[in-house]
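Overview (structure and organization)
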Amino acid sequence: MPTWSRTLDKAGVSDALLRRDYTEQRGLVARFARAEYLAVRLLLPAAVVPDVIAATAFMHHSDNLIDQGPLDERLKALESWQVQVKDAFDSGSTDQSVLRALVHTAGRHTQLEGHVQAFLNGAPTEVQWEGFDTDDDFRGYVDAYSHPAFMLIACLLEPSTQADAYRTGCRTFIESSQRLDFLEDLADDLGTGRLGLSQESLAAFGVTRAQLERGERSEGLQKLIRHQVELIRPGLVASQSLAGLVDPRSRQFMTALVSLQQIRLQKVEETGASLLRKSPSKPIAASLRVLARAYLAARRAR
């Protein structure tokens, strides 16, 4: 793995200010998404690593801006952020490190700007959601917000051929990942008045939102979680095909990305109805084993 300085060189980032910008975003991503950061550093070609980090940092920064506080304040924060992002792209300059890195990355990956706009257009859906009546409503949320968010990063690895199959695979992957996120965050979301399980799903297993808010574990909840796990698993299995679509140099990254989600799913399944009071523990050791295997496979393929 090249040093960070050498990685910036390979990506063509020579300007001193931009090198500081990318380095700052690298530190942020390494803190909030350690396993994913290691996967990026170990398994992607050095030339694209700063770009993936810049897009990831932008997504995280945007999420943080709209994730806390009263609804009207979050909507105002989003509106202000949309203006700042547009101004940065239109002028090519900004005083914000996260946007300088993003705009510079978009200058070398012209498809990124469109995905940034799609992500921001869908952000009100994220700000306003509190729950879903039906599973179709959940899938609408994925289409509006989760999928555009994932494509900020995935578009940087999009193959020159079979692009439609790649985008379809990304959509399958992110729906499964979002279901998994909502299960992991069940306790935390309920604490903020949100619920990622649809009323339709609750009713199918005789569970009510009021029961969940009171912290009542039940056999129905256990069955509901098991059912959600079985909805997630096939999507992750199908997502393994993404590795065969990307550039061979990124293949082990995609393989590891899906494997990391499968490890998380196993922890959710083991936690079961206890998700109502706590999130699963981080599968650190298992994640490191996945990354080690992928790294060795990547080295053998070079």
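Bear in mind the structure is a predicted one, so any value in this text is a computation, not a measurement.

Conventions used here
Residues take numbers from 1 onward in each chain, read along the sequence in its written order. In keeping with the model being predicted, local features are shown solely for residues with a pLDDT of at least 70 and side-chain atom pairs are shown and tallied solely at 80 or more, while totals for entire chains, interfaces and linings include all residues. Excluded from the side-chain calculations are hydrogens and water; all other atoms, namely the structure's heavy atoms, are used. Residues belong to one nonpolar core when they are buried, are Ala, Val, Leu, Ile, Met, Phe, Trp, Tyr or Cys, and are joined through side-chain atoms within 4.5 Å. When a residue's accessible area, from a 1.4 Å probe over protein chains only, is under 20% of the maximum for its type it is buried; when over 50% it is exposed; and in between it is partly exposed. Elements are defined by DSSP. Helices are runs of H or I of four residues or more, strands are runs of E of two residues or more, and each kind is numbered from the N terminus. Whether two residues touch is decided by their heavy atoms; if any such pair falls within 4.5 Å, the residues are in contact. Between the first and last residue of a helix there are one fewer steps than residues, each counted as 1.5 Å, and that sum is the expected span. Directions drawn from the helix axis to the C-beta atoms are what define this arc. Here a polar contact is recorded for every N or O atom pair within 3.5 Å, except that within protein the pair must consist of a potential hydrogen donor and a potential acceptor, and residues adjacent in sequence are included only if both atoms are side-chain atoms. A pocket here means an open set of points on a 1 Å grid, computed over the protein atoms alone, that has protein on both sides within 12 Å along at least five of seven lines. A cavity is instead a set of points where a 1.4 Å probe fits but cannot get out; residues with an atom within 4 Å of a point line either one. Grid points are joined across faces, edges and corners, and a volume is the space filled by probe spheres set on the points. Gly counts as polar in this scheme, as do all residues outside two lists: the nonpolar Ala, Val, Leu, Ile, Met, Phe, Trp, Tyr, Cys and Pro, and the charged Asp, Glu, Lys and Arg. Between rings of Phe, Tyr and Trp, where Trp is taken as its six-membered ring, a pair exists when centres lie within 6.5 Å; planes separated by under 30 degrees are stacked, by over 60 edge-to-face, and by other angles tilted.

1. Brief notes about the nonpolar core
Judged by nonpolar contacts, the single largest core of 97 residues is most densely connected at Leu-43, Phe-58, Val-116, Leu-152 and Tyr-166. A per-element tally of this core places helix α8 (residues 135–154) first, with ten residues. With sequence-adjacent residues up to four places away left out, Val-116 is seen in contact with Phe-58, Val-85, Phe-89, Leu-102 and Leu-152.

2. Quick look at helix α2 (residues 16–32)
For α2, which comprises 17 residues, the first-to-last C-alpha distance of 25 Å matches the rise-based estimate of 24 Å (1.5 Å per residue) to within 8%. Looking at α2, one finds that the buried residues are Leu-18, Arg-19, Asp-21, Tyr-22, Gln-25, Val-29 and Ala-30. In an axial view of α2, the angular spread of the buried residues amounts to 165°, which keeps them on one side of the axis. Those residues of α2 that are exposed and aimed more than 90 degrees away from the buried face are Arg-20 and Arg-31. A distance of 3.1 Å separates the backbone nitrogen of Leu-17 from a side-chain oxygen at the start of α2, and that oxygen is part of Asp-15.

3. What about empty space enclosed by the protein?
Across all of its chains, the model carries one cavity of 30 Å³ or more by this definition. Space inside the largest cavity adds up to approximately 50 Å³. In the lining of the largest cavity, the residues fall into three nonpolar, four polar and two charged.

4. Looking at the packing of aromatic side chains
A full pass over the atoms with the stated rule returns 13 aromatic pairs. Residues Trp-129 and Phe-132 carry aromatic rings whose centres are separated by 5.3 Å and whose planes lie at 0° to one another, so their mutual orientation is stacked. For the pair formed by Trp-129 and Phe-132, the shared burial category is buried. Seen from their ring centres, Phe-132 and Phe-138 are 5.9 Å apart, and the 80° between their planes marks the pair as edge-to-face. Note on accessibility: Phe-132 and Phe-138 belong to one class, buried.

Scope: geometric values only; no functional claims are made or implied.
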